[in-house]
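# Notes for the structure review
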Amino acid sequence: MLAKYWKKIGMIIVIIACLFNIVIKLVQKIPYREQLTQSAEYVSEQEKKD
């Protein structure tokens, strides 16, 4: 049964993966570099408080 539908199953998996990739790119608004900078600033502020 699986051999009969493997092309359709493969296409569904590829479509879901593409949609998932697109949604993740749309949701991530903060660039990775900016996020790292903010994290570093937060850590340095926490160290100054201690």
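See above for the structure.
Parameters and conventions
- Residues numbered from 1 in each chain as written.
- Predicted model: local features only at pLDDT ≥ 70, side-chain atom pairs only at ≥ 80, totals over all residues.
- Heavy atoms only, no water.
- Helix = DSSP H or I, 4+ residues; strand = E, 2+ residues; numbered from the N terminus.
- Rg over C-alpha atoms; globule rule 2.2 N^0.38 Å.
- Buried < 20%, exposed > 50% of the residue type's maximum accessible area, 1.4 Å probe, protein only.
- Areas by Shrake-Rupley, 256 points an atom, 1.4 Å probe, with all protein chains shown as cover.
- Lys, Arg positive; Asp, Glu negative; His and termini not counted.
- Charge placed at Lys NZ, Arg CZ, Asp CG, Glu CD.
- Patch = residues over 30% accessible without salt bridge, like charges linked within 9 Å, V, L, I, M, F, W, Y side chains within 5 Å.
- Salt bridge = Lys/Arg side-chain N within 4 Å of Asp/Glu carboxyl O.
- Expected span 1.5 Å × (residues − 1).
- Bend = angle between axes of the 7 residues up to and from the residue.

### Looking at the overall build of the chain
Broken down by element type, the chain carries 2 helices and 0 strands. Relative to its length of 50 residues, the chain is extended, with a C-alpha radius of gyration of 21 Å against a globular reference of 10 Å. A burial count over the chain gives 0% of its 50 residues as buried. Of the roughly 5,300 Å² that the chain leaves accessible, carbon and sulfur atoms contribute 67%. Within the chain, one finds 8 positive and 5 negative side-chain charges whose respective centroids are separated by 27 Å.

### Points about a nonpolar patch on the surface
The grouping of M1, L2, Y5, I9 and I13 at the surface amounts to a nonpolar patch, some 570 Å² of accessible area in total. Among the structural elements, L2 can be located in helix α1 (residues 2-27). The class of L2 is exposed, set by a relative accessible area of 60%.

### What about α1?
With 26 residues, α1 should reach 38 Å at 1.5 Å per residue; the first-to-last C-alpha distance of 35 Å fits that figure. In the structure, α1 departs most strongly from a straight axis at K8, where the bend amounts to approximately 35°. Little of α1 sits inside the fold, with 0 of its 26 residues counted as buried.

That's the geometry; what it means functionally is another story.
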